[in-house]
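Architecture and fold: a report
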Amino acid sequence: MTKQTVRDVDVNGKTCLVRVDFNVPVEPGTGIISDDSRIRAALPTIHHLQSNGARIVLCSHFGRPKGQVVEELRMSAIRQRATDWFGVEVIDAGLPGDKTNPADTIDSLKPGEIAMLENLRFHPGEEANSPGFADALASLADIYINDAFGAAHRAHASTVGVAEYLPAVAGYLMERELKMLTRALESEERPGVAVIGGAKVSDKIQVLANLTKRVDTVLIGGGMVAAFLKAQGYPSGGVEISDEDVHTAGQLLFSSEAKIMTPADVVVAREFDEDATPSVVDVTEVPGDCLVLDIGPVTRADYAEEIIAAKKIIWNGPMGVVEWESFAEGTFAVARAVAAVPDAFKLVGGGSTVAVIEELGLRSEITHVSTGGGASLEFLEGKVLPGVAALDDA
Ligand code: ADP
Ligand code: MG
């Protein structure tokens, strides 16, 4: 670990400002929290701080209020859920600039007690990374701890600005994400296999470009399959593909150090519709009026063979339109293959991809399920995340 962590600082009697990612999904309409795993993910850091006598001030963004107060985006339900999990009341501390001064609440905290700021993005200074707001946040605490890996790709006041004013260290969740993602990119465990899918080529070009330098084999699935077929001179169906995407796919195919595998067969349909009739065709025979919506059974077996032999697996992006039963099998087959590999390092990232792992109950078979969608993708692209760069070096 090249950055300091919460274990490197003495927190006893100190007030710690902990940036967490409590941007939880909620049910539309009711606002009921549908998945509180992001709240639970903060528990290791909270326990460490409580057992070492720190006073804790949590802060997070929630939704996109764009610099103003939006009643439905208050932290109250999140604060209640955190209270349930952490076993002590999480006290509302407001936000710098509010009528109620957060410092008054925070000053009265005893060691082990927890307060939480209001939604950081209610303040325009948060996303603007304004020095004034960063300084106001910093003035509330003695130590800054970033445990919000999912927000580390954003240069905001609570992820970057505040670190200039206080000792700045990683929390447990942040540390684990960085360790696992670094291992995914840098370890010599071989063969290394990357499985990359998802909706669009443009979303995944950077990650493909980086991973082809770091693994032995890349398996291609998802919406980008059509561009890869076209680049090889195969028919690609009725979807419009930009010349740029075909060019990118071609460059990756013909100039990568890694072996790039594309499907041998695919599942196609005439409409982009849940109830469209699926048919399996060889990649040489994709009809001109059809869309490629999943990888076919031969490809599933080919990909599974590569996966099973791997010592390191990185998976991001579904192989097909996994939300629809007729086009989900390719993704499920990859998920089961990844889960079945006995002695390999396995990292899975991406919102839809992680949802599949959860849905199939395979989380325990995966070495690391990355919590940060955009952040883990940017890390795998080889970018330095601003929220990580801002932390103190070890
Ligand atoms: P993740 O969230 O795991 O990072 P992405 O956001 O890149 O993955 O892509 C997920 C989406 O890609 C899913 O909604 C899925 O339906 C879509 N998708 C996968 N394959 C196809 C395809 N062949 N055509 C259209 N959409 C696809
Ligand atoms: Mg996604």
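Data block above holds the structure.
Because the structure is a prediction, the values reported are computed rather than measured.

Rules of the game
Residues numbered from 1 in each chain as written. Chains lettered and ligands numbered in written order. Predicted model: local features only at pLDDT ≥ 70, side-chain atom pairs only at ≥ 80, totals over all residues. Heavy atoms only, no water. Helix = DSSP H or I, 4+ residues; strand = E, 2+ residues; numbered from the N terminus. Expected span 1.5 Å × (residues − 1). Buried < 20%, exposed > 50% of the residue type's maximum accessible area, 1.4 Å probe, protein only. Arc of directions from axis to C-beta. Pairing = 2+ DSSP bridges. Salt bridge = Lys/Arg side-chain N within 4 Å of Asp/Glu carboxyl O. Contact = heavy atoms within 4.5 Å. Axes fitted to C-alpha atoms, helices over the stretch in contact; angles between N-to-C directions.

As a further point, take helix H11 (residues 297-308). Taking 1.5 Å per residue as the helical rise, H11 with its 12 residues ought to reach 16 Å, and the 16 Å between its terminal C-alpha atoms agrees with that figure. The set of residues buried in H11 consists of Thr299, Arg300, Tyr303 and Ile307. For H11, the angular spread of buried residues about the axis comes to 100°, placing them on one side.

Judged by how many residues are buried, strand S2 (residues 55-59) sits mostly within the fold: 5 of 5 residues are covered. Bridging between strand S1 (residues 15-19) and S2 involves 5 bridges; their strand directions are parallel. The residue of S2 that forms the bridge with Cys16 is Ile56. Inspection of the sheet shows S2 paired to strand S4 (residues 114-116) by 3 bridges, in the parallel sense. Bridging across to S4, Leu58 finds its partner in Met116.

This structure, assessed with the given rule, holds 18 salt bridges. Between Lys3 and Asp393 there is a salt bridge whose closest N-O contact spans 2.7 Å. Taken together, the residues Lys3 in the segment before S1 and Asp393 in the segment after helix H15 (386-389) connect sequence positions 390 residues apart. For Lys3, a relative accessible area of 11% gives the class buried. We note a salt bridge from Arg7 to Glu175, for which the minimum N-O separation is 2.7 Å. Of this pair, Arg7 sits in the segment before S1 while Glu175 sits in helix H7 (residues 172-186), and the two are 168 residues apart along the sequence.

In this section: the sheet that holds strand S13 (residues 312-316). Taken in spatial order, the 6 strands line up as S9-S8-S7-S13-S14-S15 in an open sheet, and their pairing is parallel. At either margin of the open sheet sits one strand with a lone partner, and together these are strand S9 (259-261) and strand S15 (368-369). Alignment of strand S8 (residues 217-220) against S9, held across 3 bridges, turns out to be parallel. Following the sheet pairing, Thr217 is matched in S9 by Lys259. Against the sheet, helix H8 (residues 201-211) makes contact with strand S7 (192-196), S8 and S13, and its axis sits at roughly 170° relative to S7, the strand it touches most. Across the sheet, H11 is in contact with S7, S8, S9 and S13; its angle to S8 comes to roughly 150°.

On their own, these measurements won't tell you what the molecule is for.
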